[in-house]
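Fold and geometry: a report
What follows is the residue order along each chain.
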Amino acid sequence: MKAHTTHALELKMIDPDSKVQDLLRRYGSLKRECPSEYLNKTYREIDALAARRDEKAMKGKTLVEQRDRLSKKNRGKPRR
């Protein structure tokens, strides 16, 4: 029996027609990590490209889906 997995759109309420640059606007460091050729694409476009195993699209999709967790990851840690 296959376990039910919840899609990112259901979890985070990501608007599939929003551009990636708008979704990452508040997250400057994550926006810099996202491949620049994908910033003007919509989340739906990146999702389709990631489904075809495009490595850069997969990275952009991951940054959008996990932006809250990734932005909190390094907070409060002293810089070296």
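Fair warning: this is a prediction, and the values are worked out from it, not measured in the lab.

What counts, and where the lines are drawn
- As a convention, each chain's residues are numbered from 1 in the sequence order in which they are written.
- In keeping with the predicted nature of the model, local features appear solely for residues at pLDDT of at least 70, side-chain atom pairs appear and are counted solely at 80 or more, and the whole-chain, interface and lining totals rest on all residues.
- Note: side-chain values were computed over all heavy atoms of the structure, leaving out hydrogens and water.
- Accessibility here uses a 1.4 Å probe with only protein chains present; expressed as a share of the type maximum, an area under 20% marks a residue as buried, one over 50% as exposed, and anything in between as partly exposed.
- Every helix listed is a DSSP run of H or I at least four residues long, and every strand listed is a run of E at least two residues long, numbered separately from the N terminus.
- In the analysis that follows, any N or O atom pair within 3.5 Å is treated as a polar contact, provided that within protein one partner can donate a hydrogen and the other can accept it, and provided that, for residues neighboring in sequence, both atoms belong to side chains.
- Side-chain atoms within 4.5 Å are what join buried Ala, Val, Leu, Ile, Met, Phe, Trp, Tyr and Cys residues into a set we call a nonpolar core.
- Throughout, a residue-residue contact means that at least one pair of heavy atoms, one from each residue, lies within 4.5 Å.
- The convention used is that axes are lines fitted to C-alpha atoms, helices contributing only their stretch in contact, and that angles between N-to-C directions extend from 0 to 180 degrees.
- In what follows, roughly perpendicular refers to angles from 65 to 115 degrees, roughly parallel to angles under 35, roughly antiparallel to angles over 145, and oblique to any angle outside these ranges.
- Note on convention: the crossing is left-handed when the near helix lies turned anticlockwise from the far helix by less than a right angle, right-handed when the turn is clockwise.
- Note that Gly is not counted as nonpolar here; it falls among the polar residues with everything else outside the nonpolar set of Ala, Val, Leu, Ile, Met, Phe, Trp, Tyr, Cys and Pro and the charged set of Asp, Glu, Lys and Arg.

Owing to its 3.6 residues per turn, the α-helix aligns residues three or four sequence positions apart on the same side. Those residues of helix H5 (residues 55–65) that sit buried are Ala 57, Gly 60, Lys 61, Leu 63, Val 64 and Glu 65. Backbone nitrogen of Lys 56 and a side-chain oxygen of the N-cap are separated by 3.1 Å at the start of H5; the cap is Asp 54.

Membership of the largest hydrophobic core comes to 16 residues, with the highest contact counts inside it found for Val 20, Leu 24, Cys 34, Ala 57 and Val 64. When contributions to this core are tallied by element, the ones reaching two or more residues are helix H2 (20–23), helix H4 (43–51) and H5. Once you skip the residues sitting within four places of it in the chain, Ala 57 turns out to touch Tyr 38, Ile 46, Leu 49 and Ala 50.

Time to look at unusual backbone geometry. Phi is positive for Arg 53, close to 70°, though the residue is something other than glycine. Looking at the element boundaries, Arg 53 is found in the loop between H4 and H5. A residue is classified by how much of its surface remains accessible, and Arg 53, at 60% relative accessible area, is exposed.

Attention shifts here to the packing of H4 against H5. Contact pair H4 / H5: the axes reach a minimum separation of 8 Å and the direction vectors enclose 130°. Relative to H5, the element H4 is oriented oblique. Relative to H5, the crossing made by H4 is left-handed. Here Tyr 43, Ile 46, Asp 47, Leu 49 and Ala 50 of H4 lie close against H5, whose contacting residues are Ala 57, Met 58, Gly 60, Lys 61, Val 64 and Glu 65. Classifying every residue of the contact of H4 with H5 by side-chain character gives 7 nonpolar, 1 polar and 3 charged.

Let us now look at the environment of Asp 47. Mapped onto the elements of the fold, Asp 47 is located in helix H4. For the pair Asp 47 and Pro 16, spaced 31 residues apart in the sequence, the C-alpha separation amounts to 8.8 Å.

Nothing here speaks to function; it is all geometry.
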